[in-house]
Amino acid sequence: MLADLVAGALADASARRSVRSLADLEAAAIQRPPALDVLAALAPRDSVHIIAEIKRASPSRGALADIPDPASLATAYQLGGASAISVLTEGRKFGGSLADLEAVRAVSSIPVLRKDFIAEPYQVLEARASGADLVLLIVAALDQPTLASLFTLINQLGMTPLVEAHSADEVDRALDLGADVVGVNARDLSTFELDQNLFGSLAGMIPSGVIRVAESAVKNPADVAHYRAAGADVVLVGEALVTNGDPANTLREFLQS
């Protein structure tokens, strides 16, 4: 599944590159205002941070929500207390787009994450040109030289990499890069199976000073509390927010957990 998602994302990026040149994209990325300070926005505090996700669909669940106006949802997330907003820009399985990212950036004063299957520099430049402050890098999807190269480019463009792991070896690989933000995804992207206790088993490997992000398997405030008790500084929440009729209030309940 992961290999197919990466291949599809690369094919779609190639199609966009035939319309918009690398040189044009580089110019647009440079002209963007500087990225926001993600490390300050997600710095450890007494209560958990939440990255609220704009997510229309997933391979495991199918269609989740129409989200005709991602900017409106982003505004609700910000009012509800989100510390950052994740925008799924993958179109084939998740129903997202770079237009969603640009719409969210236009109304948000908090950091915005481009969540996609990033595997080449063109996609990183797209993220910056569209206003992203954070870019997801999935360790399982990349060999170490490619991971390191993309990690460096993200930093050079002033953004922050969110390096996602799903095993002890992958956490080591993330830390070898010098990652300041490390995520542990409860969902195995090869099988799409969930293990909510995975974060707790790996969190101790992540040293203090590195922001720990727990991803996936969040349905209610108790799940957020579970991750917080296991050492999460940040919890990324998607489906539970987009499938609820009152995302801002749901977000407030999660933050109080």
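Scroll up a little and you will see the structure.
In short, a report on the structure.

**Overview of the nonpolar core**
Piece 1. Within the largest apolar cluster, 86 residues are counted, with the highest numbers of intra-cluster contacts made by Tyr77, Tyr227 and Val235.
Piece 2. Beyond its immediate stretch of four places on either side in the chain, valine 235 contacts Val48, His49, Ile50, Ile51, Ala214, Val218, Val224 and Tyr227.

**Section: the environment of threonine 152**
Piece 1. Mapping threonine 152 onto the fold places it in helix 7 (residues 144-156).
Piece 2. Taking the relative accessible area as the measure of exposure, threonine 152 reaches 38% and is therefore partly exposed.

**Some remarks on the packing of aromatic side chains**
Each pair of aromatic rings is reported with the distance of its centres and the angle of its planes.
Piece 1. All chains considered together, the criterion is met by two aromatic pairs.
Piece 2. With centroids separated by 6.0 Å and ring planes inclined at 35°, the aromatic side chains of phenylalanine 94 and phenylalanine 117 adopt a geometry described as tilted. Of this pair, phenylalanine 94 sits in the loop between strand 4 (84-88) and helix 5 (98-107) while phenylalanine 117 sits in the loop between strand 5 (112-115) and helix 6 (121-129), and the two are 23 residues apart along the sequence.
Piece 3. Across from the ring centre of tyrosine 122, 5.1 Å away, lies the NZ or CZ of arginine 17, which sits over that ring.

**Here's the deal with unusual backbone geometry**
Piece 1. Of note, the phi angle at isoleucine 67 is positive, near 50°, even though the residue is not glycine.
Piece 2. On the basis of relative accessible area, isoleucine 67 is assigned to the buried category, the value being 10%.
Piece 3. A positive phi angle is found at serine 216, which is not glycine, with a value near 80°.
Piece 4. Residue placement: serine 216 occurs in the loop between strand 9 (211-215) and helix 10 (221-229).

**As for the side chain of glutamate 164**
Piece 1. Secondary-structure assignment places glutamate 164 in strand 7 (residues 160-165).
Piece 2. Summary of buried charges: glutamate 164 has no salt-bridge partner, and the nearest side chain of opposite charge, lysine 115, is 5.3 Å away.
Piece 3. Here asparagine 185 takes part through its side chain, which lies 3.1 Å from a polar atom of the side chain of glutamate 164.

**What to know about the environment of proline 207**
Piece 1. When you line up the elements, proline 207 lands in the loop between helix 9 (198-203) and strand 9.
Piece 2. Once residues lying within four places of it in the same chain are set aside, the contact partners of proline 207 are Leu175 and Arg212.

**Notes on the pairing of strand 6 (residues 134-138)**
Piece 1. Among the five residues in strand 6, five count as buried, and that is most of the element.
Piece 2. The two faces of strand 6 match: Leu134, Leu136 and Ile138 on one face and Val135 and Leu137 on the other face are all buried.
Piece 3. With two bridges connecting them, strand 5 and strand 6 associate as parallel partners. Bridge assignment links leucine 113 to a residue of strand 6, and that residue is leucine 134.
Piece 4. Crossover connection from strand 5 via helix 6 to parallel strand 6: handedness right-handed.
Piece 5. One ladder, built from five bridges, connects strand 6 with strand 7; its direction is parallel. Within strand 7, the residue paired with valine 135 across the bridge is proline 161.
Piece 6. Handedness of the crossover joining strand 6 and strand 7 through helix 7 is recorded here as right-handed.

**Comments concerning the pattern of salt bridges**
Piece 1. Counted according to the given criterion, the structure contains eleven salt bridges.
Piece 2. Two residues, arginine 92 and aspartate 12, come together in a salt bridge whose shortest N-O distance is 2.9 Å. Placement of arginine 92 in the loop between strand 4 and helix 5 and of aspartate 12 in helix 1 (residues 2-17) is noted, with a sequence separation of 80 residues between them.
Piece 3. The exposure class assigned to arginine 92 is exposed, which follows from its relative accessible area of 52%.
Piece 4. Of the residues examined, aspartate 12 reaches a relative accessible area of 24% and is grouped as partly exposed.
Piece 5. A single network of salt bridges, built from pairs that share partners, joins Arg16, Arg114, Asp116 and Glu126.

What counts and what doesn't
Throughout, a residue's number is its position along its own chain's written sequence, starting from 1. Restriction of local features to residues with pLDDT of at least 70 applies here, the model being predicted, together with a cutoff of 80 or more for giving and counting side-chain atom pairs; totals for whole chains, interfaces and linings are based on all residues. Neither water nor hydrogens contribute to the side-chain values; these are computed over all heavy atoms in the structure. As used here, the term nonpolar core means buried Ala, Val, Leu, Ile, Met, Phe, Trp, Tyr and Cys residues forming a set that is joined through side-chain atoms within 4.5 Å. In this scheme, a residue with accessible area under 20% of its type's maximum is buried, one over 50% is exposed, and one in between is partly exposed, where area comes from a 1.4 Å probe on protein chains only. In what follows, residue pairs with any heavy atoms lying within 4.5 Å of each other are defined as contacts. For helices the rule is a DSSP run of H or I covering at least 4 residues; for strands it is a run of E covering at least 2, with both sets numbered from the N terminus onward. Note on ring pairs: Phe, Tyr and Trp rings are taken, using the six-membered ring of Trp, and paired if centres are within 6.5 Å. Classes follow the plane angle, with under 30 degrees stacked, over 60 edge-to-face and the rest tilted. Two limits define a charge over a ring: the Lys NZ or Arg CZ must be within 6 Å of the ring centre, and within 35 degrees of the ring normal. In this tally Asp and Glu are treated as negative and Lys and Arg as positive; neither His nor the chain ends contributes. Any carboxyl oxygen of Asp or Glu that lies within 4 Å of a side-chain nitrogen of Lys or Arg is treated as forming a salt bridge with it. Whenever a nitrogen or oxygen atom comes within 3.5 Å of another N or O atom, the pair is scored as a polar contact, on the condition that within protein one atom can donate a hydrogen and the other can accept it, and that pairs from neighbouring residues in sequence are kept only if both atoms are in side chains. In short, DSSP must find at least two bridges between two strands for them to pair. When the strands point away from the viewer and the connection leading from the first strand across the helix to the second strand turns clockwise, the crossover is called right-handed.

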